[in-house]
Amino acid sequence: MPCLRRLSLAVTLLLSSVLIAPSCGGVSTEQPAGPAVVASPPAKAADPVAFPNVDGSLKFLAFGDFGTGEAPQFQLVRQMTALHERFKYELVITLGDNLYGTQNARTFRAKIEIPYKPLIDAGVKFRASLGNHDNANQTKYDLFGMNGEHFYSFKAPKQNVRFFALESSNPSPAQMAWLEKELKSSTDEWKIAYFHHPLYSSARGHGSTEPLRKVLEPLFVRYNVSVVMTGHDHTYERTKPQQGIVHFVAGSAGKLRRGDLNRRSPFFEAGYDADLAFLACEIQGDNMYFQAISRTGAIVDSGVVIRRKEQRP
(Lines give C-alpha, C1' and ligand atoms only; values in the text may rest on other atoms or scores of the structure.)
Protein backbone atom coordinates (compact mmCIF):
# COMPACT_ATOMS: atom_id res chain seq x y z
CA MET A 1 0.00 0.00 0.00
CA PRO A 2 2.81 2.57 0.66
CA CYS A 3 3.90 2.15 -2.99
CA LEU A 4 0.38 2.85 -4.21
CA ARG A 5 0.12 5.93 -2.01
CA ARG A 6 3.40 7.25 -3.41
CA LEU A 7 2.20 6.58 -6.95
CA SER A 8 -1.10 8.38 -6.30
CA LEU A 9 0.71 11.37 -4.80
CA ALA A 10 3.16 11.52 -7.72
CA VAL A 11 0.33 11.50 -10.25
CA THR A 12 -1.60 14.13 -8.30
CA LEU A 13 1.43 16.42 -8.32
CA LEU A 14 1.98 15.76 -12.01
CA LEU A 15 -1.60 16.56 -12.95
CA SER A 16 -1.25 19.89 -11.21
CA SER A 17 1.88 20.76 -13.22
CA VAL A 18 1.34 19.30 -16.70
CA LEU A 19 -1.23 20.71 -19.10
CA ILE A 20 -2.94 18.26 -21.46
CA ALA A 21 -5.22 19.55 -24.19
CA PRO A 22 -8.88 18.50 -23.74
CA SER A 23 -8.97 17.47 -27.38
CA CYS A 24 -6.69 14.53 -26.52
CA GLY A 25 -9.60 12.65 -25.02
CA GLY A 26 -10.48 11.54 -21.52
CA VAL A 27 -11.04 8.14 -20.02
CA SER A 28 -14.13 7.09 -21.93
CA THR A 29 -14.31 3.49 -23.10
CA GLU A 30 -15.85 4.62 -26.37
CA GLN A 31 -13.66 4.34 -29.46
CA PRO A 32 -12.79 7.54 -31.33
CA ALA A 33 -14.04 8.25 -34.80
CA GLY A 34 -11.91 7.03 -37.65
CA PRO A 35 -9.44 4.13 -37.80
CA ALA A 36 -8.88 2.22 -34.57
CA VAL A 37 -7.17 -0.88 -33.32
CA VAL A 38 -9.17 -4.01 -33.94
CA ALA A 39 -8.56 -7.13 -31.86
CA SER A 40 -9.94 -10.50 -32.76
CA PRO A 41 -12.49 -12.15 -30.49
CA PRO A 42 -11.01 -14.74 -28.16
CA ALA A 43 -9.90 -17.73 -30.19
CA LYS A 44 -11.17 -21.17 -29.29
CA ALA A 45 -8.52 -23.21 -27.51
CA ALA A 46 -8.74 -25.84 -30.26
CA ASP A 47 -8.37 -23.28 -33.03
CA PRO A 48 -5.92 -20.53 -32.02
CA VAL A 49 -4.82 -17.82 -34.42
CA ALA A 50 -1.48 -18.98 -35.83
CA PHE A 51 1.64 -16.87 -36.16
CA PRO A 52 2.74 -16.19 -39.74
CA ASN A 53 6.27 -16.97 -38.47
CA VAL A 54 7.91 -15.38 -41.49
CA ASP A 55 11.37 -13.98 -42.11
CA GLY A 56 11.63 -10.24 -41.55
CA SER A 57 8.82 -9.98 -39.01
CA LEU A 58 9.40 -8.72 -35.45
CA LYS A 59 8.93 -11.52 -32.94
CA PHE A 60 8.99 -10.76 -29.21
CA LEU A 61 7.71 -11.78 -25.77
CA ALA A 62 6.20 -9.60 -23.04
CA PHE A 63 5.74 -10.55 -19.39
CA GLY A 64 6.09 -9.16 -15.89
CA ASP A 65 6.09 -10.08 -12.20
CA PHE A 66 8.41 -13.00 -12.73
CA GLY A 67 11.70 -13.01 -10.78
CA THR A 68 10.87 -15.44 -7.97
CA GLY A 69 13.45 -18.17 -8.54
CA GLU A 70 10.72 -20.71 -7.76
CA ALA A 71 9.71 -23.82 -9.71
CA PRO A 72 6.71 -22.29 -11.58
CA GLN A 73 8.97 -19.59 -13.07
CA PHE A 74 11.33 -22.27 -14.40
CA GLN A 75 8.39 -24.27 -15.74
CA LEU A 76 7.08 -21.28 -17.68
CA VAL A 77 10.56 -20.63 -19.07
CA ARG A 78 10.53 -24.16 -20.48
CA GLN A 79 7.51 -23.15 -22.56
CA MET A 80 9.32 -20.00 -23.71
CA THR A 81 12.30 -22.14 -24.71
CA ALA A 82 10.10 -24.64 -26.56
CA LEU A 83 8.42 -21.76 -28.40
CA HIS A 84 11.79 -20.31 -29.41
CA GLU A 85 12.75 -23.57 -31.11
CA ARG A 86 10.01 -23.03 -33.70
CA PHE A 87 9.39 -19.28 -33.42
CA LYS A 88 12.69 -17.39 -33.32
CA TYR A 89 11.78 -14.33 -31.28
CA GLU A 90 14.69 -11.98 -30.66
CA LEU A 91 13.40 -9.68 -27.95
CA VAL A 92 11.80 -9.80 -24.50
CA ILE A 93 10.22 -6.71 -22.96
CA THR A 94 9.65 -6.97 -19.22
CA LEU A 95 6.71 -5.31 -17.52
CA GLY A 96 8.17 -4.67 -14.08
CA ASP A 97 8.57 -6.54 -10.81
CA ASN A 98 11.48 -8.26 -12.48
CA LEU A 99 12.95 -9.45 -9.19
CA TYR A 100 11.37 -10.21 -5.83
CA GLY A 101 13.23 -10.06 -2.51
CA THR A 102 16.88 -9.12 -2.09
CA GLN A 103 18.42 -7.70 -5.25
CA ASN A 104 22.14 -8.34 -5.51
CA ALA A 105 24.53 -10.23 -7.80
CA ARG A 106 23.57 -13.57 -6.26
CA THR A 107 19.82 -13.09 -6.71
CA PHE A 108 20.24 -11.70 -10.22
CA ARG A 109 21.99 -14.92 -11.07
CA ALA A 110 19.49 -17.17 -9.29
CA LYS A 111 16.32 -15.49 -10.54
CA ILE A 112 17.34 -14.14 -13.97
CA GLU A 113 20.54 -15.61 -15.36
CA ILE A 114 19.90 -19.24 -14.46
CA PRO A 115 16.18 -19.44 -15.32
CA TYR A 116 16.52 -17.59 -18.65
CA LYS A 117 19.89 -19.05 -19.64
CA PRO A 118 18.48 -20.89 -22.68
CA LEU A 119 17.10 -17.62 -24.07
CA ILE A 120 20.20 -15.60 -23.19
CA ASP A 121 22.44 -18.21 -24.81
CA ALA A 122 20.24 -18.07 -27.94
CA GLY A 123 20.89 -14.32 -28.23
CA VAL A 124 17.46 -13.08 -27.11
CA LYS A 125 17.76 -9.49 -25.82
CA PHE A 126 15.90 -8.27 -22.73
CA ARG A 127 14.68 -4.67 -22.43
CA ALA A 128 13.20 -4.08 -18.98
CA SER A 129 10.90 -1.62 -17.28
CA LEU A 130 10.76 -1.13 -13.52
CA GLY A 131 7.96 -2.14 -11.14
CA ASN A 132 7.22 -1.18 -7.57
CA HIS A 133 9.25 -4.15 -6.22
CA ASP A 134 12.31 -3.29 -8.31
CA ASN A 135 15.48 -1.63 -7.09
CA ALA A 136 16.90 1.22 -9.16
CA ASN A 137 20.17 -0.71 -9.53
CA GLN A 138 18.37 -2.83 -12.13
CA THR A 139 18.84 0.04 -14.57
CA LYS A 140 22.57 -0.80 -14.57
CA TYR A 141 22.12 -4.56 -14.94
CA ASP A 142 23.51 -5.35 -18.39
CA LEU A 143 21.04 -8.13 -19.23
CA PHE A 144 18.08 -5.75 -18.80
CA GLY A 145 19.33 -3.36 -21.50
CA MET A 146 18.29 -0.18 -19.69
CA ASN A 147 21.68 1.56 -19.95
CA GLY A 148 21.19 3.25 -16.59
CA GLU A 149 17.90 4.88 -17.62
CA HIS A 150 14.62 4.63 -15.70
CA PHE A 151 12.67 5.34 -18.89
CA TYR A 152 13.76 5.14 -22.51
CA SER A 153 12.66 4.32 -26.04
CA PHE A 154 14.21 2.14 -28.70
CA LYS A 155 13.59 1.17 -32.30
CA ALA A 156 12.90 -2.51 -32.83
CA PRO A 157 15.45 -4.45 -34.93
CA LYS A 158 12.80 -5.30 -37.54
CA GLN A 159 9.64 -3.71 -38.92
CA ASN A 160 8.72 -0.07 -38.32
CA VAL A 161 8.25 -0.32 -34.55
CA ARG A 162 9.32 1.82 -31.60
CA PHE A 163 8.94 0.79 -27.96
CA PHE A 164 8.56 3.24 -25.07
CA ALA A 165 9.57 1.86 -21.65
CA LEU A 166 8.25 3.94 -18.75
CA GLU A 167 8.66 3.96 -14.98
CA SER A 168 5.06 4.09 -13.83
CA SER A 169 5.89 4.23 -10.10
CA ASN A 170 7.23 7.74 -10.62
CA PRO A 171 5.39 9.52 -13.45
CA SER A 172 7.26 12.77 -12.88
CA PRO A 173 6.75 15.92 -14.97
CA ALA A 174 10.23 15.38 -16.42
CA GLN A 175 9.33 11.88 -17.57
CA MET A 176 6.04 13.03 -19.09
CA ALA A 177 7.75 15.88 -20.93
CA TRP A 178 10.30 13.40 -22.27
CA LEU A 179 7.53 10.99 -23.30
CA GLU A 180 5.56 13.62 -25.20
CA LYS A 181 8.69 14.75 -27.02
CA GLU A 182 9.60 11.14 -27.93
CA LEU A 183 6.09 10.26 -29.09
CA LYS A 184 5.73 13.43 -31.11
CA SER A 185 9.07 13.04 -32.87
CA SER A 186 8.67 9.34 -33.64
CA THR A 187 7.81 8.56 -37.26
CA ASP A 188 7.53 4.81 -36.64
CA GLU A 189 4.29 3.20 -37.78
CA TRP A 190 3.96 1.10 -34.63
CA LYS A 191 4.24 2.75 -31.23
CA ILE A 192 4.06 0.37 -28.26
CA ALA A 193 4.27 1.56 -24.65
CA TYR A 194 5.11 -0.75 -21.78
CA PHE A 195 5.40 -0.27 -18.03
CA HIS A 196 4.20 -1.80 -14.77
CA HIS A 197 0.93 -0.32 -13.49
CA PRO A 198 -2.04 -1.03 -15.81
CA LEU A 199 -4.26 1.79 -17.02
CA TYR A 200 -7.02 -0.80 -17.44
CA SER A 201 -7.25 -4.01 -15.43
CA SER A 202 -10.24 -6.16 -14.49
CA ALA A 203 -8.32 -7.91 -11.71
CA ARG A 204 -9.50 -7.46 -8.15
CA GLY A 205 -5.99 -7.51 -6.67
CA HIS A 206 -5.00 -4.06 -7.94
CA GLY A 207 -7.21 -3.12 -10.88
CA SER A 208 -6.96 -0.04 -13.08
CA THR A 209 -4.56 2.73 -12.10
CA GLU A 210 -6.94 5.55 -12.92
CA PRO A 211 -4.79 8.56 -11.87
CA LEU A 212 -2.03 7.28 -14.15
CA ARG A 213 -4.57 6.75 -16.92
CA LYS A 214 -5.53 10.42 -16.79
CA VAL A 215 -1.92 11.40 -17.41
CA LEU A 216 -0.85 8.84 -19.99
CA GLU A 217 -3.92 8.01 -22.05
CA PRO A 218 -4.32 11.44 -23.68
CA LEU A 219 -0.70 11.29 -24.87
CA PHE A 220 -1.15 7.75 -26.19
CA VAL A 221 -4.29 8.74 -28.08
CA ARG A 222 -2.86 11.98 -29.44
CA TYR A 223 0.37 10.42 -30.69
CA ASN A 224 -1.02 7.23 -32.17
CA VAL A 225 0.08 4.51 -29.75
CA SER A 226 -1.45 1.21 -30.86
CA VAL A 227 -0.74 -1.14 -27.95
CA VAL A 228 0.01 -0.78 -24.22
CA MET A 229 1.49 -3.66 -22.21
CA THR A 230 1.65 -3.76 -18.40
CA GLY A 231 1.94 -6.10 -15.42
CA HIS A 232 1.30 -5.57 -11.67
CA ASP A 233 -1.87 -7.69 -11.52
CA HIS A 234 -0.87 -11.35 -11.43
CA THR A 235 -3.18 -12.38 -14.26
CA TYR A 236 -3.33 -12.22 -18.04
CA GLU A 237 -5.88 -9.91 -19.65
CA ARG A 238 -6.65 -8.30 -23.00
CA THR A 239 -9.04 -5.36 -23.08
CA LYS A 240 -11.52 -4.23 -25.64
CA PRO A 241 -9.94 -1.31 -27.52
CA GLN A 242 -9.98 1.77 -25.29
CA GLN A 243 -10.01 4.96 -27.36
CA GLY A 244 -8.55 2.86 -30.16
CA ILE A 245 -5.79 1.26 -28.05
CA VAL A 246 -5.59 -2.37 -26.96
CA HIS A 247 -4.21 -2.94 -23.45
CA PHE A 248 -2.58 -6.17 -22.35
CA VAL A 249 -1.87 -7.10 -18.72
CA ALA A 250 0.72 -9.89 -18.52
CA GLY A 251 1.72 -9.98 -14.86
CA SER A 252 1.61 -13.71 -14.21
CA ALA A 253 5.02 -14.95 -15.37
CA GLY A 254 6.12 -15.86 -11.85
CA LYS A 255 3.23 -15.09 -9.51
CA LEU A 256 -0.48 -15.81 -9.87
CA ARG A 257 -3.72 -14.62 -8.25
CA ARG A 258 -5.95 -17.48 -9.19
CA GLY A 259 -9.55 -16.51 -10.00
CA ASP A 260 -8.80 -12.79 -9.65
CA LEU A 261 -10.36 -11.51 -12.90
CA ASN A 262 -13.74 -9.83 -13.00
CA ARG A 263 -15.01 -10.94 -16.39
CA ARG A 264 -18.00 -8.60 -16.10
CA SER A 265 -15.77 -5.55 -16.31
CA PRO A 266 -16.95 -3.23 -19.11
CA PHE A 267 -13.57 -3.29 -20.86
CA PHE A 268 -12.73 -6.99 -20.37
CA GLU A 269 -12.29 -8.89 -23.65
CA ALA A 270 -10.31 -12.00 -22.72
CA GLY A 271 -8.24 -13.23 -19.82
CA TYR A 272 -6.69 -16.12 -17.96
CA ASP A 273 -6.16 -16.48 -14.22
CA ALA A 274 -5.84 -20.24 -13.74
CA ASP A 275 -2.06 -20.52 -14.19
CA LEU A 276 1.08 -18.61 -15.12
CA ALA A 277 1.27 -17.19 -18.64
CA PHE A 278 3.33 -15.02 -20.97
CA LEU A 279 2.52 -13.08 -24.15
CA ALA A 280 4.17 -13.82 -27.51
CA CYS A 281 3.78 -11.44 -30.47
CA GLU A 282 4.70 -11.12 -34.14
CA ILE A 283 4.46 -7.85 -36.06
CA GLN A 284 4.27 -8.07 -39.84
CA GLY A 285 3.22 -4.87 -41.60
CA ASP A 286 0.02 -3.49 -40.08
CA ASN A 287 -0.77 -6.63 -38.06
CA MET A 288 0.37 -7.74 -34.63
CA TYR A 289 -0.41 -11.42 -34.07
CA PHE A 290 -0.43 -12.52 -30.44
CA GLN A 291 -0.71 -15.65 -28.34
CA ALA A 292 -0.92 -15.93 -24.56
CA ILE A 293 0.69 -19.20 -23.53
CA SER A 294 0.31 -20.93 -20.17
CA ARG A 295 2.73 -22.92 -18.01
CA THR A 296 1.36 -26.12 -19.56
CA GLY A 297 1.86 -24.81 -23.10
CA ALA A 298 -1.83 -24.14 -23.77
CA ILE A 299 -2.69 -21.14 -25.96
CA VAL A 300 -5.22 -19.38 -23.73
CA ASP A 301 -5.82 -16.32 -25.95
CA SER A 302 -4.82 -15.35 -29.47
CA GLY A 303 -5.73 -12.96 -32.25
CA VAL A 304 -4.57 -9.98 -34.29
CA VAL A 305 -4.28 -6.29 -33.45
CA ILE A 306 -4.33 -3.91 -36.42
CA ARG A 307 -2.22 -0.84 -35.85
CA ARG A 308 -3.81 2.56 -35.53
CA LYS A 309 -3.45 4.79 -38.56
CA GLU A 310 -2.62 8.46 -38.17
CA GLN A 311 -5.68 10.59 -38.83
CA ARG A 312 -4.94 13.54 -41.06
CA PRO A 313 -7.16 16.61 -41.45
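Residues numbered from 1 in each chain as written. Predicted model: local features only at pLDDT ≥ 70, side-chain atom pairs only at ≥ 80, totals over all residues. Heavy atoms only, no water.

Chemist: Sorry, what's going on with the nonpolar core here?
Modeler: One recurring pattern in soluble globular proteins is that nonpolar side chains are buried together. Grouped together as the largest cluster of nonpolar side chains are 60 residues, with contacts concentrated most on Phe60, Phe163, Met229 and Met288. For Phe60, the residues in contact, after removing those within four places along its chain, are Tyr89, Leu91, Ile93, Phe163, Ile192, Met229, Leu279, Ala280, Cys281, Ile283 and Met288. In this structure, Ala193, Leu212, Val215 and Val228 belong to the second largest nonpolar core, which totals 20 residues. (Core = buried A, V, L, I, M, F, W, Y, C linked by side-chain atoms within 4.5 Å. Buried < 20%, exposed > 50% of the residue type's maximum accessible area, 1.4 Å probe, protein only. Contact = heavy atoms within 4.5 Å.)

Chemist: How do you make sense of unusual backbone geometry when you look at a structure like this?
Modeler: Only a minority of non-glycine residues have a phi that is not negative, and only a minority of peptide bonds are not trans. At Asp65, a residue that is not glycine, the phi angle is positive and equals roughly 60°. Here Asp65 shows up in the loop between β1 (58-63) and α2 (71-86). Residue classification places Asp65 among the buried residues on the basis of a relative accessible area of 0%. Its identity is not glycine, yet Asp97 carries a phi of approximately 50°, on the positive side. (Helix = DSSP H or I, 4+ residues; strand = E, 2+ residues; numbered from the N terminus.)

Chemist: What is the right way to read helix α5 (residues 173-185) from this model?
Modeler: A turn of α-helix holds 3.6 residues, and therefore any two residues three or four places apart point the same way. The end-to-end C-alpha distance of α5, which contains 13 residues, comes to 18 Å, matching closely the 18 Å that a straight helix rising 1.5 Å per residue would cover. Buried within α5 are the following residues: Gln175, Met176, Leu179 and Leu183. The arc that holds every buried residue of α5, seen down its axis, measures 95°, which confines them to one face. In α5, the exposed positions that point more than 90 degrees away from the buried face belong to Ala174, Lys181, Lys184 and Ser185. (Expected span 1.5 Å × (residues − 1). Arc of directions from axis to C-beta.)

Chemist: I would appreciate a short explanation of the sheet that holds strand β10 (residues 268-272) in the present structure.
Modeler: Sheet strands pair by backbone hydrogen bonding; their relative direction is either parallel or antiparallel. On the basis of which strands lie adjacent, the open sheet formed by seven strands has the order β4-β5-β6-β7-β9-β8-β10 and mixed pairing. The open sheet is flanked by β4 (152-155) and β10, the only strands paired with a single partner. Each strand of the sheet is rotated relative to its neighbour by a mean of 15°, with strand direction disregarded. Relative to strand β7 (residues 227-230), strand β6 (residues 190-194) runs parallel, the two being bridged by three bridges. Paired with Tyr194 across the bridge in β7 is Met229. (Pairing = 2+ DSSP bridges. Axes fitted to C-alpha atoms, helices over the stretch in contact; angles between N-to-C directions.)

Chemist: Even after reading the chapter, I still don't get the side chain of Asn98, so can you show me in this structure?
Modeler: Its location among the elements puts Asn98 in the loop between β2 (91-94) and α3 (105-113). Classification of Asn98 by relative accessible area gives buried; the value is 0%. Only 2.9 Å separates the side chain of Asn98 from the side chain of Gln138, close enough to count as a polar contact. Not counting chain neighbours up to four residues away, the residues in contact with Asn98 comprise Phe66, Gly67, Ile112, Ala128, Ser129, Leu130, Asp134, Gln138 and Phe144. (Polar contact = N/O pair within 3.5 Å; in protein donor to acceptor, adjacent residues only side chain to side chain.)

Chemist: How should I be thinking about the pairing of strand β8 (residues 236-239) in this particular structure?
Modeler: Regular strands have side chains that alternate between both faces of the sheet. Side-chain alternation along β8 places Tyr236 and Arg238 on one buried face and Glu237 and Thr239 on a second face that is also buried. Two strands pair when backbone bridges link them, and β8 and strand β9 (residues 246-250) are joined in this way by three bridges, in the antiparallel orientation. The residue bridging Glu237 from the neighbouring strand is Val249, located in β9.

Chemist: How should I be thinking about the packing of α5 against helix α6 (residues 210-222) in this particular structure?
Modeler: In helix packing, the relevant descriptors are the interaxial angle and the interaxial distance, both defined with respect to the helix axes. Contact pair α5 / α6: the axes reach a minimum separation of 10 Å and the direction vectors enclose 10°. On the basis of their axis angle, the class for α5 and α6 is roughly parallel. Here Met176, Leu179, Glu180 and Leu183 of α5 lie close against α6, whose contacting residues are Val215, Leu216, Leu219, Phe220 and Arg222. The class makeup of the residues in the contact of α5 with α6 is seven nonpolar, no polar and two charged. (Parallel < 35°, antiparallel > 145°, perpendicular 65-115°, else oblique. Nonpolar A, V, L, I, M, F, W, Y, C, P; charged D, E, K, R; others polar.)

Chemist: Looking at this model, I keep getting lost on the pattern of salt bridges. Mind explaining?
Modeler: Two side chains with opposite charge may pair up if their charged atoms get near one another. Under the counting rule described, the total for this entry stands at twelve salt bridges. Residues Lys155 and Asp188 are paired through a salt bridge, measuring 2.4 Å at the closest nitrogen-oxygen approach. Note that Lys155 is positioned in strand β4 and Asp188 in the loop between α5 and β6, a separation of 33 residues in sequence. In this structure Lys155 comes out as partly exposed when scored by relative accessible area, which is 43%. Residue class for Asp188 comes out buried when judged on its relative accessible area of 8%. Note that Arg307 and Asp286 form a salt bridge whose closest N and O atoms lie 2.7 Å from each other. In this pair, Arg307 sits in the segment after β13 (299-306) while Asp286 sits in the loop between β11 (277-284) and β12 (287-294), placing the two residues 21 residues apart along the sequence. (Salt bridge = Lys/Arg side-chain N within 4 Å of Asp/Glu carboxyl O.)

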